[in-house]
Structures are given as structure tokens and as C-alpha cells.
Amino acid sequence: MGERPANPVLLDWLAHHFMESGWSIHDLHRTIVLSNTYLMSSQHPQADSAAEVDPENRLQWRFR
């Protein structure tokens, strides 16, 4: 009963990738951990325009 996904296209892509990889949790984990979003820093400059557009980080432009 939570919120709707912020990025349903990404969720569908991950689900498809998970099935195509033979339901390999190891492969899915590797895909997520090596993604640009996961590797991003949680620090950001105060004048960053992304912080003004999406202050709650719903679009995952930085790590929490």
C-alpha cells in the first residue's frame, strides 16, 4: 500500500533483465551496484539545478 514507483520504466527494465538472466539474483545485484545511480555521491553543491527541480530526489539523480 505504498507509493507508486517513481520510475516504472526502470522497474520494468530491471524485471525483464532479471528474467532474461535466468532469475540470477547475483547478476541483478551486479547490474544495480555497477549502475551510475548507485555510484553517485550523496553530496551535491547547493547551487545545483537538479536540487531545485527535484529536492526530494524522486528521479534518483543522486544517492540518498
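Structure: above.
Residues numbered from 1 in each chain as written. Predicted model: local features only at pLDDT ≥ 70, side-chain atom pairs only at ≥ 80, totals over all residues. Heavy atoms only, no water.

Enquirer: Mind showing me how you'd approach unusual backbone geometry here?
Expert: For residues besides glycine, phi is generally negative; the peptide bonds are generally trans as well. Located in the positive-phi region is W23, a residue other than glycine, with phi close to 65°. By the element assignment, W23 lies in the loop between α1 (8–20) and α2 (25–33). The class of W23 is exposed, set by a relative accessible area of 54%. (Helix = DSSP H or I, 4+ residues; strand = E, 2+ residues; numbered from the N terminus. Buried < 20%, exposed > 50% of the residue type's maximum accessible area, 1.4 Å probe, protein only.)

Enquirer: Is there a simple way to explain a nonpolar patch on the surface in this structure?
Expert: Taken together, I32, Y38 and L39 make up a surface patch of nonpolar side chains, about 300 Å² in accessible area. On the accessibility criterion, Y38 (42% relative accessible area) is partly exposed. (Patch = residues over 30% accessible without salt bridge, like charges linked within 9 Å, V, L, I, M, F, W, Y side chains within 5 Å. Areas by Shrake-Rupley, 256 points an atom, 1.4 Å probe, with all protein chains shown as cover. Salt bridge = Lys/Arg side-chain N within 4 Å of Asp/Glu carboxyl O.)

Enquirer: Looking at this model, I keep getting lost on the packing of aromatic side chains. Mind explaining?
Expert: Given two aromatic rings, one states the distance between the centres and the angle between the planes to describe the pair. Applying the stated criterion across every chain yields a total of 1 aromatic pair. Plain terms: the ring middles of F18 and W23 are 5.2 Å apart, the flat faces sit at 80° to each other, and that makes the pair edge-to-face. (Phe/Tyr/Trp six-rings, centres within 6.5 Å; stacked < 30°, edge-to-face > 60°.)

Enquirer: Explain the environment of W61 here, please?
Expert: Within the secondary structure layout, W61 lies in the segment after α4 (49–53). C-alpha separation for the pair W61 and M40, spaced 21 residues apart in sequence, amounts to 8.1 Å.

Enquirer: Before we go on, may I ask you to explain the pattern of salt bridges in this structure?
Expert: Where charged atoms from two side chains of opposite charge approach closely, those side chains can pair. Scanning the entire structure with this criterion turns up 2 salt bridges. For E3, the salt bridge goes to R58, with nearest N and O atoms at 2.9 Å. In this pair, E3 sits in the segment before α1 while R58 sits in the segment after α4, placing the two residues 55 residues apart along the sequence.

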